[in-house]
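# What the coordinates show
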Amino acid sequence: MPVGEYSFRLQHGITGGFAPPTPNAIHTFTQPLNSKTLTIASSIRPTGTPELQDIAPKFVSSEDKDTSALLDELHGILKVIPTESPPGSQDIYGLDTSIAWGSDDLVWMNGGPQGCSGGESEVQPTAEEKKKFKRAVDIVNELIKKDA
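Each residue is numbered by its place in its chain's sequence as written, counting from 1. Given that the model is predicted, a residue must reach a pLDDT of at least 70 before its local features are reported, and side-chain atom pairs must reach 80 or more before they are shown or counted; all residues, however, enter totals for whole chains, interfaces and linings. For the side-chain quantities, the full set of heavy atoms in the structure was used; hydrogens and water were omitted.

### A look at the nonpolar core
Within soluble globular proteins, side chains that are nonpolar tend to cluster in buried spots. If you look at the biggest cluster of nonpolar residues, it comprises 26 residues, and the most contacted ones within it are Phe8, Leu78, Ile99 and Trp108. Helical segments are the DSSP runs of H or I of at least four residues, strand segments are the runs of E of at least two, and each set is numbered from the N terminus. Of the residues forming this core, the biggest block, seven residues, is contributed by helix α2 (residues 127-145). Any pair of residues with heavy atoms lying within 4.5 Å of one another is described as a contacting pair. Beyond its immediate chain neighbours, meaning those up to four positions away, Trp108 contacts Leu78, Ile81, Pro82, Thr83, Tyr93, Ile99, Ala100, Trp101 and Phe133. In this text, buried Ala, Val, Leu, Ile, Met, Phe, Trp, Tyr and Cys residues form a nonpolar core when linked through side-chain atoms within 4.5 Å. Each residue's exposure class comes from its accessible area (1.4 Å probe, protein chains only) as a fraction of the maximum for that residue type: buried when under 20%, exposed when over 50%, partly exposed otherwise.

In structure tokens, the structure reads:
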């Protein structure tokens, strides 16, 4: 269970090379302290365009039973799966997607702040850990689709 205030972000498009990656979408979730509302802010890059475009934020009850269960599952997964080392060296999960989580009890991020540069990570996930990361991405995508 996430403790207190927390935020997390999902970014599609983290692999680059010589040039930094061009994200296709960034979704940011914020749960303020003593609030019952999860704020979801999204920016999406339409096909064929160079820049992300903001979408109006939505507000979802974090006390909804289904939402709460998804958040607990996501938090639990991120507590046990590895990140690449050094940060940003390799997309170790192979999904061209990163998740960054920040709370009092957990700071977790794959993909590095500038994306992945095409190096090789010293840490490689097991097949089971790759499945867990895929589930984490699916959870975030479920939260994005929730009605406000």
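### A few points about the pattern of salt bridges
Salt bridges are counted wherever a side-chain nitrogen of Lys or Arg sits within 4 Å of a carboxyl oxygen of Asp or Glu. Scanning the entire structure with this criterion turns up six salt bridges. Among the ionic pairs, Lys146 bridges to Asp64, the shortest N-O distance being 3.8 Å. With a gap of 82 residues between them, Lys146 in the segment after α2 and Asp64 in the loop between β4 (53-61) and α1 (65-80) connect regions that are remote in the sequence. Residue class for Asp64 comes out partly exposed when judged on its relative accessible area of 34%. Asp138 serves as the salt-bridge partner of Lys134, at 2.9 Å between the closest nitrogen and oxygen. In this pair, Lys134 and Asp138 are both assigned in helix α2, four residues apart and thus about one turn of the helix distant. Overall, the relative accessible area of 39% leaves Lys134 in the partly exposed class. Shared partners join several salt bridges into a network, and the residues in it are Asp64, Asp66 and Lys146.

### Some points on the packing of aromatic side chains
Paired rings are identified among Phe, Tyr and Trp, the last through its six-membered ring, by centres lying within 6.5 Å, and are further divided according to the angle between planes into stacked (under 30 degrees), edge-to-face (over 60) and tilted (the rest). Considering all chains together, one arrives at six aromatic pairs under this definition. Between Phe8 and Trp101 the ring centres are 5.1 Å apart and the planes differ by 15°, which places this aromatic pair in the stacked class. Here Trp101 lies in strand β5 (residues 97-103) and Phe8 lies in strand β1 (residues 6-12), a separation of 93 residues in the sequence. Here Phe8 matches Trp101 in class, with each residue buried. For the ring pair Tyr93 and Phe133, a centre distance of 4.3 Å and an interplane angle of 15° mean the geometry is stacked. A residue pair is termed long-range when its members are at least 10 positions apart, and Tyr93 in the loop between α1 and β5 and Phe133 in helix α2 qualify at 40 residues. According to the relative accessible area criterion, Phe133 is buried, its value standing at 0%. Through a chain of ring-to-ring contacts, the aromatic side chains of Tyr6, Phe8, Phe29 and Trp101 assemble into a single cluster.

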